[in-house]
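# Coordinate inspection notes
Residues per chain, in single letters:
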Amino acid sequence: MPRLKTVPQEVVQQVSEYFSILSEPMRLRLLNLLREGEKCVQELVEATETSQANVSKHLKVMLQAGILSRRTEGTSAYYKVEDELIFDLCNLVCDRLATRIEQQARHFRNFTLTNKG
């Protein structure tokens, strides 16, 4: 029997950490806002209607992962998406979820149509 090739634990850990960034709803909201282009922290705070501390915490995580870049201008910090691949990942997941939801809806429609009367 052929021997299975194993992936080093360090690689699995890094991939897991990268995906975990997308597991937080606030980070997805921030990424969606940054899809339009660079924004300052205050704009993101206003758009998300949450605290500056909360927004900054999530921006820091994405900055450290290399997904975002940051620049300062005076006392303001501006963030933009550095790794556009993140949008490809999000689009793949959203397309898959939409397909599943459409299939479920068809099943429900078929059930209600065949059981009427």
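See the structure above.
Residues numbered from 1 in each chain as written. Predicted model: local features only at pLDDT ≥ 70, side-chain atom pairs only at ≥ 80, totals over all residues. Heavy atoms only, no water.

## Overview of the side chain of Lys-39
The line we're drawing: In this description a helix means any DSSP run of H or I spanning at least four residues, a strand means any run of E spanning at least two, and both kinds are numbered starting from the N terminus. Every residue pair with non-hydrogen atoms within 4.5 Å of one another is taken to be in contact.
Mapped onto the secondary structure, Lys-39 falls in strand β1 (residues 39–40). Leaving out residues up to four positions away in the same chain, Lys-39 has contacts with Leu-33, Leu-34, Leu-44, Ala-77, Tyr-78 and Tyr-79.

## With respect to the pairing of strand β3 (residues 76–81)
This is how it is decided: When DSSP finds two or more bridges between two strands, those strands count as paired.
When β1 meets β3, the two strands line up antiparallel, connected through 2 bridges. Considered in β3, the bridge of Cys-40 is made with Tyr-78. Both strand β2 (residues 68–73) and β3 contribute to a ladder of 6 bridges, which runs antiparallel. When the sheet's bridge partners are listed, Ser-69 is paired in β3 with Lys-80. Adjacent in sequence and paired antiparallel, β2 and β3 are bridged by 2 residues, among which Gly-74 carries a positive phi angle near 65 degrees.

## Remarks on the environment of Ala-53
Along the chain, the position of Ala-53 falls in helix α4 (residues 52–64). On a C-alpha basis, the gap between Ala-53 and Val-41 in space is 9.9 Å, while along the polypeptide they are 12 residues apart.

## Focus: unusual backbone geometry
Note the following rule: When a residue's accessible area, from a 1.4 Å probe over protein chains only, is under 20% of the maximum for its type it is buried; when over 50% it is exposed; and in between it is partly exposed.
Unusually for a residue other than glycine, Glu-49 sits at a positive phi of about 55 degrees. Inspection of the secondary structure puts Glu-49 in the loop between α3 (41–48) and α4. Of the residues examined, Glu-49 reaches a relative accessible area of 76% and is grouped as exposed.

## With respect to the packing of α3 against α4
To keep it simple, the criterion reads: For helices, the axis comes from a line fit to the C-alpha atoms of the stretch in contact; other axes are also lines fit to C-alpha atoms, and the angle between any two N-to-C directions lies between 0 and 180 degrees. Orientation categories follow fixed angle ranges, with anything under 35 degrees roughly parallel, anything over 145 roughly antiparallel, 65 to 115 roughly perpendicular, and all other angles oblique. Working rule for handedness: look at the near helix, and if it is turned counterclockwise from the far one by less than a right angle, call the crossing left-handed; if clockwise, right-handed. Gly falls in the polar group here, along with every residue not listed as nonpolar (Ala, Val, Leu, Ile, Met, Phe, Trp, Tyr, Cys, Pro) or charged (Asp, Glu, Lys, Arg).
Axis separation between α3 and α4 bottoms out at 9 Å; the angle between their running directions is 115 degrees. In terms of orientation, α3 and α4 fall into the roughly perpendicular class. In this structure, α3 meets α4 at a crossing whose hand is right-handed. Residue-level contacts link Val-41, Leu-44, Val-45 and Thr-48 of α3 to Gln-52, Val-55, Ser-56 and Leu-59 of α4. When grouped by side-chain class, the residues that make up the contact of α3 with α4 number 5 nonpolar, 3 polar and no charged.

## Examining the packing of aromatic side chains
Working definition: an aromatic ring pair is given by the centre-to-centre distance plus the angle between the planes. As a reminder, the rule being used: Pairing of aromatic rings covers Phe, Tyr and the six-membered ring of Trp, with a centre-to-centre limit of 6.5 Å; geometry is then stacked below 30 degrees between planes, edge-to-face above 60, and tilted otherwise. Charge over a ring is defined by NZ of Lys or CZ of Arg lying within 6 Å of the ring centre and within 35 degrees of the ring normal.
Applying the stated criterion to the full structure yields 0 aromatic pairs. The ring of Tyr-78 has Arg-71 lying over it, and the distance from NZ or CZ to the ring centre is 4.5 Å.

## Digging into the packing of helix α2 (residues 25–34) against α4
The interhelical angle for the contact between α2 and α4, taken along N-to-C directions, is 80 degrees, at an axis separation of 10 Å. On the basis of their axis angle, the class for α2 and α4 is roughly perpendicular. When α2 is examined against α4, the residues Met-26, Arg-27, Leu-30, Leu-31 and Leu-34 are found in contact with a partner set consisting of Asn-54, Val-55, His-58, Leu-59, Val-61 and Met-62. Grouping the amino acids of the contact of α2 with α4 by side-chain chemistry returns 8 nonpolar, 2 polar and 1 charged.

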